[in-house]
Amino acid sequence: MSHLNLSSITIPKPADLIMMQIKDLIADGTLRPGDKLPSERALATQFGIGRGYVREALKKLEFYGILKTLPQNGTIVANLGVRLLDGLIANVVQLEKNDLNALIETRLIMETGAARMAAERASTEDGNALETLFVTYREKTVKALPAIDEDMLFHLKIAEISGNRVLQSLISLLVPEVHQLSEKQKTCPPERLMAATDEHEKILLAIQQKNPDNAFTAMQEHLRNGMAFS
């Protein structure tokens, strides 16, 4: 049989399907800027899906300013033009379909800055907490076990230590997306795991020693090396 020119099939995530339905409701005028959405429980019932997926979709839409949560008023559609809202939601859904290198490049810009700030601002307790996460990560990698969750927690902790809540929110949104894409594309073979462990240790030591330049350089090296495998 000759080789068939087939393209890979991407199965949409439940949260993405929810976002696209909200997009359609905005586009056809069913939902207008200022309108209140049903509760998470009610939406989950209507979609016939778990509340966790609904919460994930709403959090993404709120992060990008498409929805707003008002105290005692619930979640409403932001006061933006319908065409702008429609485009924003389409962009959020397409985020995961971008190439991995582009996402890692964006991480590079944000996380090198976060590492520098973490080294400037880390307390002794922060350094100890980061070291605990590193040890857990290393215990997995020396056994050649998958350590994506431990890797992600290490990076998110650095963002937290940076003390910049806006930067932390952006990294918290981006890092899980990159890790999911990396896992799908199998960009972290065993030899990369061991190298990444050494790189994590360099980042950890720079932060504990409160050396911003070394922290910046170590994070830059770590993420650039990751790009080479993508």
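The structure this text deals with has already been given above.
Small disclaimer: the values here were computed from a predicted structure and weren't measured. Residue numbering note: each chain is counted from 1, following its sequence as written. With pLDDT at 70 or above as the cut-off, local features in this predicted model cover only qualifying residues; side-chain atom pairs require 80 or more to be listed or tallied, and sums for whole chains, interfaces and linings still use all residues. Only hydrogens and water are removed before side-chain values are computed, so all heavy atoms of the structure are retained for them.

## Overview of helix H1 (residues 14–27)
Link 1 in the chain: In DSSP terms, a helix is any run of H or I states spanning at least four residues, a strand is any run of E spanning at least two, and both are numbered starting from the N terminus. Expected helix span is computed as 1.5 Å times (number of residues minus one). Between the first and last C-alpha of H1 there are 20 Å, a value that for 14 residues agrees with the 20 Å anticipated at 1.5 Å per step.
Link 2 in the chain: A simple rule labels every residue: compare its accessible area, found with a 1.4 Å probe on the protein chains alone, to the largest value its type can have, and call it buried under 20%, exposed over 50%, or partly exposed in between. Buried within H1 are the following residues: Ala15, Asp16, Ile18, Met19, Ile22, Lys23 and Ile26. Buried residues along H1 cover an arc of 160° about the axis, so they all sit on one side. This arc is taken over the directions from the axis of the helix to the C-beta atoms.

## Quick notes on the environment of arginine 121
Link 1 in the chain: Counting through the fold element by element, arginine 121 comes out in helix H5 (residues 100–121).
Link 2 in the chain: The sequence separation of arginine 121 and glycine 163 amounts to 42 residues, and the corresponding C-alpha distance is 7.4 Å.
Link 3 in the chain: Residue contacts follow a heavy-atom distance rule, with two residues in contact if any of their heavy atoms lie within 4.5 Å. Excluding residues that lie within four positions of it along the chain, arginine 121 makes contacts with Asp126, Ile161, Ser162, Gly163, Asn164 and Lys210.
Link 4 in the chain: In this structure the side chain of arginine 121 is engaged in a polar contact, spanning 2.6 Å, whose partner is the backbone oxygen of serine 162. For this analysis, a polar contact is any N or O atom pair within 3.5 Å, provided that within protein one partner can donate a hydrogen and the other can accept it, and provided that sequence-adjacent residues contribute only side-chain to side-chain pairs.

## Section: the pattern of salt bridges
Where charged atoms from two side chains of opposite charge come close, those side chains can pair.
Link 1 in the chain: A side-chain nitrogen of Lys or Arg and a carboxyl oxygen of Asp or Glu constitute a salt bridge if their distance falls within 4 Å. Under the definition given, this model contains eight salt bridges.
Link 2 in the chain: A salt bridge links arginine 51 to glutamate 40, with the shortest nitrogen-to-oxygen separation between them at 3.6 Å. One end of the pair, arginine 51, is in helix H3 (residues 51–63); the other, glutamate 40, is in helix H2 (residues 40–47), with eleven residues separating them in the sequence.
Link 3 in the chain: Overall, the relative accessible area of 23% leaves glutamate 40 in the partly exposed class.
Link 4 in the chain: The shortest N-O distance in the salt bridge between glutamate 111 and arginine 107 comes to 2.4 Å. Here glutamate 111 and its partner arginine 107 are both found in helix H5, four residues apart, which amounts to about one turn of the helix. Each of the two residues, glutamate 111 as well as arginine 107, counts as buried.
Link 5 in the chain: It is possible to trace a salt-bridge network through shared partners that takes in Glu40, Arg51 and Arg55.

Functional significance is not addressed by these values, which are geometric in nature.
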